[in-house]
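A look at the structure
Chain by chain, the residues:
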Amino acid sequence: LIATGNYRGEFRLIEAASGAVPCEVLHGGPVLAVSFNHDGSVVATGGGDNKLRLLPWCPWRFWRVEHGDGDASAVAFSHDGSLIVHGGRSGWSLRKTESGAIVWQVEAVPLAVAFNHDGSLIATGSTGNEGRRFRLMEAASANVIHEVDLLARAVAFNHD
């Protein structure tokens, strides 16, 4: 499956083999970010309506909606699916996927986010009062390992 979102607030799943659209949901605002968990059973959407939504595969109804303070413009699951990091105008939040409990929050305007394969590290691209920043952080604590003054609109780890 392929997840898509647009500025009209339309979230769709598209079957890669056939092009069929088995799911279409209105988000309530622009869909700015989408991410599947590793096994594909849950997809997260972040939107301009300040909400992070989690949708299980079947039936496609919102399982949980988390309210933020600003657009949810970047989102990623840890490899094991137990954690989800998302960002909006108020900064980054790391949550436990199952309960929604916040593990930590960091102030920065998000552009991009990714977990490494074992879920121990998070890479972010941000902008804001402190300027443009790429950060490599420990997932458990948000301790910054590396910080570089550069614009990173997209980030990804290799599998190693």
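Up top is the structure these notes are about.
Residues numbered from 1 in each chain as written. Predicted model: local features only at pLDDT ≥ 70, side-chain atom pairs only at ≥ 80, totals over all residues. Heavy atoms only, no water.

1. As for the overall build of the chain
A count of helices and strands for the chain gives zero helices and 15 strands. Looking at the chain as a whole, 46% of its 160 residues qualify as buried. (Helix = DSSP H or I, 4+ residues; strand = E, 2+ residues; numbered from the N terminus. Buried < 20%, exposed > 50% of the residue type's maximum accessible area, 1.4 Å probe, protein only.)

2. Structural notes on the environment of Phe-77
Mapped onto the elements of the fold, Phe-77 is located in strand E8 (residues 74-77). The buried category is assigned to Phe-77, whose relative accessible area is 8%. Sequence-wise, Phe-77 and His-38 are 39 residues apart; in three dimensions their C-alpha atoms are separated by 7.6 Å. For Phe-77, the contacting residues outside a window of four places in its chain are Ser-35, Phe-36, Asn-37, Val-42, Val-43, Ala-44, Leu-54, Leu-83, Ile-84, Thr-97 and Phe-115. (Contact = heavy atoms within 4.5 Å.)

3. Concerning the pairing of strand E5 (residues 42-47)
Within a regular beta strand, the side chains point alternately toward one face of the sheet and then the other, so they alternate between its two faces. Of all six residues in E5, six are buried; the element is thus mostly enclosed. Every second residue of E5 is oriented toward a common face, with Val-42, Ala-44 and Gly-46 on one face and Val-43, Thr-45 and Gly-47 on the other, all of them buried. In this structure, strand E4 (residues 31-36) lies alongside E5, joined through five bridges in antiparallel fashion. Along E5, the bridge assignment pairs Phe-36 with Val-43. Connecting the antiparallel pair E4 and E5 is a turn made up of five residues, with Gly-40 showing a positive phi of about 80°. In terms of strand pairing, E5 meets strand E6 (residues 51-56) through five bridges, oriented antiparallel. When the bridges of E6 are listed, Ala-44 appears paired with Leu-54. (Pairing = 2+ DSSP bridges.)

4. Notes on the side chain of Thr-97
Along the chain, the position of Thr-97 falls in the loop between strand E10 (91-96) and strand E11 (102-106). Among the polar contacts listed, one links the side chain of Thr-97 to the backbone nitrogen of Leu-83, at a separation of 3.3 Å. (Polar contact = N/O pair within 3.5 Å; in protein donor to acceptor, adjacent residues only side chain to side chain.)

5. Some remarks on the nonpolar core
Residues Val-85, Trp-92, Leu-94, Trp-104, Val-113, Phe-115 and Ile-122 are the most contacted members of the largest nonpolar core, which totals 15 residues. Listing elements by their share of this core, those giving two or more residues are E8, strand E9 (83-88), E10, E11 and strand E12 (109-115). Apart from the residues within four sequence positions on either side, Phe-115 is in contact with Ala-76, Phe-77, Ser-78, Leu-83, Val-85, Leu-94, Leu-121, Ile-122, Ala-139 and Phe-157. (Core = buried A, V, L, I, M, F, W, Y, C linked by side-chain atoms within 4.5 Å.)

6. Focus: the side chain of Glu-10
Among the structural elements, Glu-10 can be located in strand E2 (residues 10-14). Classification of Glu-10 by relative accessible area gives buried; the value is 14%. A polar side-chain atom of Glu-10 sits 2.7 Å from a polar atom in the side chain of Asn-6. Here Arg-8 takes part through its side chain, which lies 3.0 Å from a polar atom of the side chain of Glu-10. When neighbours within four sequence positions are excluded, Glu-10 is seen to be in contact with Thr-4, Gly-5, Val-25, Leu-26 and Val-31.

7. Observations concerning the pattern of salt bridges
As enumerated under the stated definition, the model contains seven salt bridges in all. Ionic pairing is found between Arg-12 and Glu-10, a salt bridge with its closest N-O pair at 3.3 Å. Residue class for Arg-12 comes out partly exposed when judged on its relative accessible area of 22%. A salt bridge links Asp-149 to Arg-133; its shortest N-O distance comes to 3.5 Å. Taken together, the residues Asp-149 in the segment after strand E15 (144-148) and Arg-133 in strand E14 (residues 133-138) connect sequence positions 16 residues apart. (Salt bridge = Lys/Arg side-chain N within 4 Å of Asp/Glu carboxyl O.)

8. Thoughts on the sheet that holds E10
Spatially, four strands are ordered E8-E9-E10-E11 in an open sheet, and the strand pairing comes out antiparallel. The open sheet terminates on both sides in strands that have one partner only, identified here as E8 and E11. Geometrically, the sheet is characterised by an average inter-axis angle of 10° between neighbouring strands, direction not taken into account. Relative to E9, E8 runs antiparallel, the two sharing four bridges. When the sheet's bridge partners are listed, Ala-76 is paired in E9 with Val-85. (Axes fitted to C-alpha atoms, helices over the stretch in contact; angles between N-to-C directions.)

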